[in-house]
Amino acid sequence: EHELALKFAQDGNQNVPSVVREEVRQYCESTDKQRYEASTKMVNEYELKLGGLTDPYEVAVYVLLVRKELHKSLTPLVPTMQDWLWWQLCFVESPRCLVEPTLEALQKQLVKDSAHTKYNPEDPLLWFKSLLYTGLFEMGLHHLLTEINGFQVSAVHFAL
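Bear in mind that the values here come from a model prediction, so they are computed numbers and not experimental data.

Trainee: Honestly, the side chain of Gln107 in this entry has me stumped. Any pointers?
Mentor: Turning to its location among the elements, Gln107 is positioned in helix 6 (residues 103-112). Residue contacts for Gln107: discarding those within four places in its chain leaves Thr134, Gly135 and Leu136.

In structure tokens, the structure reads:
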């Protein structure tokens, strides 16, 4: 299951710090029970520190590793719509997530927050692209056809 990662760690790639290679090796050689125990320990540590965490980078690392509270505000780290969307997409239906975010839940969240993100003068196609990335093709096509001037032909091509 982890052969590629283990091979990478064992080959001694000099671009990766030795401590990271060692962690990868240990992870790959550990049992499911050991991984579960380590994950549980990290969740407990995160929950103990939760109120006192002020560094957004530390919070992001915990959220990434623990896969919990994925909708926690990380505005300093994901300041743009694209950053937020990619952050959310990396958790969709991940087998390691404790909260099991689904693409459907992300789609609902995106549509719910559409008033804030729909119109971006710097990138008029941002909303269209966001809808495409999350599989909302019909909504994206409708937006491209009716809301953005000069893209009607592109909308027809996309529909075909």
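After that view of the structure, there is still more to cover.
Trainee: Explain a nonpolar patch on the surface to me, please; I cannot follow it from the model alone.
Mentor: The grouping of Val61, Leu64 and Leu65 at the surface amounts to a nonpolar patch, some 230 Å² of accessible area in total. Looking at where Leu64 falls in the secondary structure, it is placed in helix 4 (residues 56-66).

Trainee: I would appreciate a short explanation of the pattern of salt bridges in the present structure.
Mentor: Close approach of charged atoms allows side chains with opposite charge to pair. Applying the stated rule across the entire model yields 3 salt bridges. Its salt-bridge partner being Lys33, residue Glu37 comes within 3.9 Å of it at the nearest N-O pair. Of this pair, Glu37 and Lys33 both sit in helix 3 (residues 32-49), 4 residues apart, which is roughly one turn of the helix. Assessed through its relative accessible area of 44%, Glu37 is described here as partly exposed. In this structure, the salt-bridge partner of Glu104 is Lys108, at a minimum N-O distance of 3.4 Å. Taken together, the residues span about one helical turn, with Glu104 and Lys108 both in helix 6 at a distance of 4 residues.

About the thresholds
- Residues numbered from 1 in each chain as written.
- Predicted model: local features only at pLDDT ≥ 70, side-chain atom pairs only at ≥ 80, totals over all residues.
- Heavy atoms only, no water.
- Helix = DSSP H or I, 4+ residues; strand = E, 2+ residues; numbered from the N terminus.
- Contact = heavy atoms within 4.5 Å.
- Patch = residues over 30% accessible without salt bridge, like charges linked within 9 Å, V, L, I, M, F, W, Y side chains within 5 Å.
- Areas by Shrake-Rupley, 256 points an atom, 1.4 Å probe, with all protein chains shown as cover.
- Salt bridge = Lys/Arg side-chain N within 4 Å of Asp/Glu carboxyl O.
- Buried < 20%, exposed > 50% of the residue type's maximum accessible area, 1.4 Å probe, protein only.

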